[in-house]
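Each chain, written out:
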Amino acid sequence: MTVAELLDVLWRDYTAATPQAARIRQLLTQHGELLCDDHIALRSYGAPGVGMAALARPFEARGWHARERYRRAGGHLRACYWQHDDPALPKVFISELVLEELSPSAQAQVRRLLGQLPPGFTERDDLAWAGRPWSLRHAEYLALLAESDYAAWVAAFGFRVDHFTVDLGSLSTFPDLAALDAFLVEHGFALDERGGAIKGSPAQRLEQSWTRADTALVAFDDATVRIPSCYYEFARRYRLPSGELFQGFRPPSAEPLAERVDAR
Ligand code: NI
């Protein structure tokens, strides 16, 4: 599988659960834009065989290199981003839930899901987009949701891209995120306005906004229920004093991870 084929399969899988992203990409394309992605984000549980390192395999095999690692204080998440030598390719942001920091009951629930992994699952080449390999009841989803949106999302959707993010710098007719956001609202899309539509600042070298989450029908053991799936994101990066574009992730961004713990 080539890099282009990998990104294509991830896009198809993502837009199956978040169809508004395909509609927005089409809208921008019809508007004359040739958009590039800033990053794609994946989520997982921090457990052997399915964590960040496992999800990174298909990217590392195709030339992405691990860059900064992050830890969200009190947020139960670890993350890292990977960057490719080809600057036209998106960064890959992978996070994992630190299970040991969940309540005993949530930990037990997640471990019950992980206990259902079929033999050989963690070795799959397509692990990063393998979908949900376990079954659960709707009440189990709701119990996890009460403690952690993130834990519940992975329980319901399994292994797949959480979001794609458009690089504002690749657009020619939108000078800033406010202009892009206004265009999307004009065309019937809703943005996540919690904390203001635009998160981050020029001082942080990164501004992002994203749509209100789409919804998808998910088949639980006992019921098929429409639940929030994911959003489409837009990022504007600013130059560092050195003149280079900032490539990392900083709070308060889509990836609200407050402390950088390691860099190279
Ligand atoms: Ni993001």
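Above this note sits the structure.
Residues numbered from 1 in each chain as written. Predicted model: local features only at pLDDT ≥ 70, side-chain atom pairs only at ≥ 80, totals over all residues. Heavy atoms only, no water.

A. Layout of the overall build of the chain. When its secondary structure is counted, the chain shows 7 helices and 11 strands. Its C-alpha radius of gyration of 18 Å places the chain within 12% of the 18 Å reference for a compact globule of 264 residues. For the chain, the spread of C-alpha atoms along the three principal axes comes to 50 × 40 × 40 Å. The contacts in the chain between residues at least 6 apart in sequence include a share of 65% that link residues at least 24 apart. For the chain, the accessible area works out to roughly 11,700 Å², and carbon and sulfur atoms hold 53% of it. (Helix = DSSP H or I, 4+ residues; strand = E, 2+ residues; numbered from the N terminus. Rg over C-alpha atoms; globule rule 2.2 N^0.38 Å. Contact = heavy atoms within 4.5 Å. Areas by Shrake-Rupley, 256 points an atom, 1.4 Å probe, with all protein chains shown as cover.)

B. Local environment of the packing of aromatic side chains. Evaluation of the coordinates by the stated rule reveals 19 aromatic pairs. Between the aromatic rings of W153 and F157, the centroid separation amounts to 5.3 Å while the plane-to-plane angle is 35 degrees, which identifies the pairing as tilted. Of the two residues, W153 and F157 both sit in helix α6 (residues 149–157), 4 residues apart, roughly one turn of that helix. Among the residues examined, W153 registers a relative accessible area of 7% and is labelled buried. Taken together, the ring pairs in this structure connect W11, Y14, F164, Y232 and F234 into an aromatic cluster. (Phe/Tyr/Trp six-rings, centres within 6.5 Å; stacked < 30°, edge-to-face > 60°. Buried < 20%, exposed > 50% of the residue type's maximum accessible area, 1.4 Å probe, protein only.)

C. Quick peek at the pattern of salt bridges. All told, the structure shown has 13 salt bridges when counted by the stated rule. A salt bridge links D126 to R124; the shortest N-O distance between them is 2.8 Å. Classification of D126 as partly exposed rests on a relative accessible area of 23%. Taken together, the salt bridges that share partners define one network made up of D38, K91 and R237. (Salt bridge = Lys/Arg side-chain N within 4 Å of Asp/Glu carboxyl O.)

D. Structural detail: helix α4 (residues 104–114). Every buried residue of α4 is accounted for by A106, Q107, Q109, V110, L113 and L114. End-on view of α4: buried residues confined to an arc of 160 degrees, all on one side of the axis. Those residues of α4 that are exposed and angled more than 90 degrees off the buried face are P104 and S105. (Arc of directions from axis to C-beta.)

E. The environment of L114, seen in detail. Along the chain, L114 turns up in helix α4. According to the relative accessible area criterion, L114 is buried, its value standing at 15%. Sequence separation between L114 and V218 is 104 residues, and the spatial gap between their C-alpha atoms is 19 Å. Aside from chain neighbours lying at most four places away, what touches L114 is Y45, A47, V50, L99 and W134.

F. Summary view of the nonpolar core. Ranked by internal contacts, the top residues of the largest apolar core, which has 73 residues, are Y45, F59, L144 and Y232. If sequence neighbours within four positions are ignored, Y232 has contacts with W11, Y14, Q20, A21, I24, R25, L35, F164, V166, S209, W210 and T211. Formed by 6 residues, the second largest nonpolar core is a distinct cluster that contains A41, A79, Y81 and F249. (Core = buried A, V, L, I, M, F, W, Y, C linked by side-chain atoms within 4.5 Å.)

G. Seen up close, the packing of helix α2 (residues 19–30) against helix α7 (residues 177–186). With their axes 12 Å apart at the nearest point, α2 and α7 run at an angle of 110 degrees to one another. Here α7 runs roughly perpendicular to α2, going by the angle between their axes. Here I24, L27 and L28 of α2 lie close against α7, whose contacting residues are L180, F183 and L184. Looking at the contact of α2 with α7 residue by residue, the class counts come to 6 nonpolar, no polar and no charged. (Axes fitted to C-alpha atoms, helices over the stretch in contact; angles between N-to-C directions. Parallel < 35°, antiparallel > 145°, perpendicular 65-115°, else oblique. Nonpolar A, V, L, I, M, F, W, Y, C, P; charged D, E, K, R; others polar.)

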